[in-house]
Amino acid sequence: MEITQVSDLPYSCGRSEDELWSRLSMPPDQHELGCPYCQAQRQRLAPLAKATTQWKIGNDSENEADTALLGSIRGRVMDGIKAEIRRGTRFTLRITTLGTLRISGYVLLETLREVVDSIRGVALRTHKILPGSHPESISMSINLALEAGEDGVRLTNGIRDALRARFAQAIGISLDDIDINLEDVFHDF
Amino acid sequence: MSGPEKPDQHELRTLVARAQSGDPRAFENILVLYQHGLLRFCRSMINSSGEAEDVLQEVYLSAWRQLSTLQSPEALSVWLYRIARHRCIDHLRKRTPLPQDFHDEEGNPGPRQVLEPRANASLESSAETRAAIVELRRFVNELPATQRECWVLKEVHDLSYSDISKIVSAPLTTVRGRIARARVTLAERMQPWK
């Protein structure tokens, strides 16, 4: 059975150790200056507080030393994730007498992201590709954040046009519905 | 703490939404934001750098596969630390008998790390400071594991009691108690460094 209440109870002067601990980096306030109990606790906690602060400062140099290692760990994991993504959902591009030509959903999503990211005044949030109304088409659902002051109607129309053009030219697939939802407004400072 | 700048709310929402939609670059950006903290946390849980690095890879993969379970972008940090904690505990279970103190914290010291002995007394303050940190790390490693993880999350990672309570799945009062007990023990053991 775990004991849950220890020394976080107030000192006899009414202050809690948590309160005192959070104030250790500051000079003593009026209460502490006149309170022998708080002064004694300050002294007791000082070596721990000093070493803890130094530990946190030391994290910065530790971070620098770890940067290359973390880059390599991240790289390995991302390689695995990208391979997993490429093996994901496929969409039908063409049905011919010789067979069906399919395309990776990842390629479609990357194209979608590339198009939307090229348009200023919006930020792409959640997005997905869905099968279209016939086998050789797809639909899209896109959530966007709109930059404050921008014309949402003009931008969404522009996005639809750009998507239809790019998917027709670069991939050769027609787009059915392009549902766009403006879910947020952001300020670009 | 150094590292990339924390994203604002819009940037965070955008990163999470895009990662949840399968954008690997957005996910990688999230990892860049939290990688140093997560590695330190895994090291403090496992006490072995090499094994902590292996666990970190598992944390990343679990995070990717569980992204759809993240309900709120604002909870990203807590969500990642929770995954890290679970992966660390799984790893400790496989490696050796799980330190008893994950179940019964009283009186069971956590896994001990072999650290260099305290540096010879030196009048040079930077050497003394380094030695004090080495000692503190050793004392922290000797805390019961449940106290250690809470203390590290609070004092080294600057997380709030509320976030820690969510990460370790324990009531706020329990978390406060663990940190208070850890502080009492550590303060006492650090007295020679006055």
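Located above this text is the structure these notes cover.
A brief report on the enclosed structure follows. On a predicted model such as this, the values are computed, not experimentally measured, just so you know.

A few words on a negative patch on the surface. On the surface, Asp-188 of chain A together with Glu-5, Asp-8 and Glu-11 of chain B cluster together to form a negatively charged patch. Along the chain, Glu-11 of chain B turns up in helix α1 (residues 9-20).

As a further point, take the sheet that holds strand β4 (residues 137-147) of chain A. The 3 strands are arranged β3-β4-β5 (chain A) in an open sheet whose pairing can be described as mixed. Strands at the two margins of the open sheet, each flanked by one partner only, are β3 (122-131) and β5 (174-186) of chain A. On average, adjacent strands in this sheet sit at an angle of 15° to one another, irrespective of strand direction. In this fold α1 of chain B packs onto β3, β4 and β5 of chain A, with an angle of close to 15° to the strand it touches most, β3 of chain A.

For the rest of this paragraph, the subject is the pattern of salt bridges. Inspection of every chain in the model, using the stated rule, returns 32 salt bridges over all chains. Measuring nitrogen to oxygen at the nearest pair gives 2.4 Å for the salt bridge that ties Arg-44 of chain A to Glu-17 of chain A. Of this pair, Arg-44 of chain A sits in helix α3 (residues 36-86) while Glu-17 of chain A sits in helix α1 (residues 17-22), and the two are 27 residues apart along the sequence. Given the relative accessible area of 22%, Arg-44 of chain A is considered partly exposed. Where Glu-53 of chain B meets Arg-43 of chain B, a salt bridge forms, and the shortest distance between an N and an O atom there is 3.8 Å. Placement of Glu-53 of chain B in helix α3 (residues 49-65) and of Arg-43 of chain B in helix α2 (residues 24-46) is noted, with a sequence separation of 10 residues between them. By relative accessible area, Glu-53 of chain B is classed as buried at 18%.

So, how was this worked out
Residues numbered from 1 in each chain as written. Chains lettered and ligands numbered in written order. Predicted model: local features only at pLDDT ≥ 70, side-chain atom pairs only at ≥ 80, totals over all residues. Heavy atoms only, no water. Patch = residues over 30% accessible without salt bridge, like charges linked within 9 Å, V, L, I, M, F, W, Y side chains within 5 Å. Areas by Shrake-Rupley, 256 points an atom, 1.4 Å probe, with all protein chains shown as cover. Salt bridge = Lys/Arg side-chain N within 4 Å of Asp/Glu carboxyl O. Lys, Arg positive; Asp, Glu negative; His and termini not counted. Charge placed at Lys NZ, Arg CZ, Asp CG, Glu CD. Helix = DSSP H or I, 4+ residues; strand = E, 2+ residues; numbered from the N terminus. Pairing = 2+ DSSP bridges. Axes fitted to C-alpha atoms, helices over the stretch in contact; angles between N-to-C directions. Contact = heavy atoms within 4.5 Å. Buried < 20%, exposed > 50% of the residue type's maximum accessible area, 1.4 Å probe, protein only.

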